[in-house]
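# Observations on the model geometry
So you can see what is in the structure, the chains are spelled out below.
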Amino acid sequence: AGAQVNGLTGVAVEGGPDCVKGGTTWIPEFAQAGALLDLTPSLAQYPSLQQENYFDGAIQTMSYDDKVVSIPWYVETRVLFYRTDILAEVGYPEGPKTWDEMKDAGEKLAARGNGNYAITIDAKDMNYLSMFAWQNGSDMIDENRKPHFNEPEFMGAMEYLKSFYDTGMT
């Protein structure tokens, strides 16, 4: 958050940079602060920046109040990768397919002891929680920008991930 705070401070004193690399979650805050230029009129000059060249999720992060205010630099796809040999040893040669299977496999993997764990879950990385919350049916934040963090779908994902810490699987 240091870069984000520094950027907003620069905006507040009208001394911010002309161009920044920031997270997509920064867009609303920077846009509300008046720090982002409406790029919409300029897009016609740059065919490669047209929205049809991006995935739907990236397009959503480009805009604020119906104005294009950012250009995606890269888009990530997160995946669960695993060692088939180790998961085969605990009964999942093709990997877990459900949350219950993932927890069962995790318990068996962690039970091996000797510093072995089921999965690395970075508690400081909201992407883990976001992925699980979306998979669990949470909107997290609706179209009116209202958060839904207390709803069962979000809380269920958080409790699921927390259980990996509580039981020593991560």
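For the structure itself, look to the data block above.
Just so it is clear, the structure is predicted and the values come from calculations on it, not from any experiment. (Residues numbered from 1 in each chain as written. Predicted model: local features only at pLDDT ≥ 70, side-chain atom pairs only at ≥ 80, totals over all residues. Heavy atoms only, no water.)

This part takes up the overall build of the chain. Within the chain, the secondary structure is distributed over 7 helices and 2 strands. Helices and strands in the chain line up, N terminus first, as α-α-α-β-β-α-α-α-α. For the C-alpha atoms alone, the extent of the chain along its principal axes is close to 55 × 35 × 30 Å. Counting all 170 residues of the chain, 26% fall into the buried class. Relative to all contacts within the chain whose residues are 6 or more apart in sequence, the contacts with residues 24 or more apart total 46%. As displayed, the chain has an accessible area near 11900 Å², and 53% of this comes from carbon and sulfur atoms. Looking at the chain, you have 12 positive and 25 negative side-chain charges, and the mean spots of the two groups are 7 Å apart. (Helix = DSSP H or I, 4+ residues; strand = E, 2+ residues; numbered from the N terminus. Buried < 20%, exposed > 50% of the residue type's maximum accessible area, 1.4 Å probe, protein only. Contact = heavy atoms within 4.5 Å. Areas by Shrake-Rupley, 256 points an atom, 1.4 Å probe, with all protein chains shown as cover. Lys, Arg positive; Asp, Glu negative; His and termini not counted. Charge placed at Lys NZ, Arg CZ, Asp CG, Glu CD.)

Moving on, we get to the environment of Leu161. Its place among the elements puts Leu161 in helix H7 (residues 152-166). With a relative accessible area of 7%, Leu161 lands in the buried category. Sequence separation between Leu161 and Trp73 is 88 residues; the distance between their C-alpha atoms is 29 Å. Dropping the residues within four chain positions of it, Leu161 is found in contact with Ile121, Tyr128, Leu129 and Phe132.

If you look at the biggest cluster of nonpolar residues, it comprises 14 residues, and the most contacted ones within it are Phe132, Ala157, Tyr160, Leu161 and Phe164. Secondary-structure elements contributing two or more residues to this core are helix H5 (99-110), helix H6 (126-135) and H7. For this core, the leading source of residues is H7, giving 5 residues. If we skip the residues at most four places from it in the chain, Ala157 touches Trp99, Leu129, Phe132, Ala133 and Asn136. Membership of the second largest hydrophobic core comes to 6 residues, among which are Ile86, Leu87, Val90 and Leu109. (Core = buried A, V, L, I, M, F, W, Y, C linked by side-chain atoms within 4.5 Å.)

So, about the environment of Tyr160. Position of Tyr160 among the secondary structure elements: in helix H7. With 95 residues separating them in the primary sequence, Tyr160 and Asp65 have C-alpha atoms 35 Å apart. Residue contacts for Tyr160: discarding those within four places in its chain leaves Trp99, Met102, Lys103 and Phe132.

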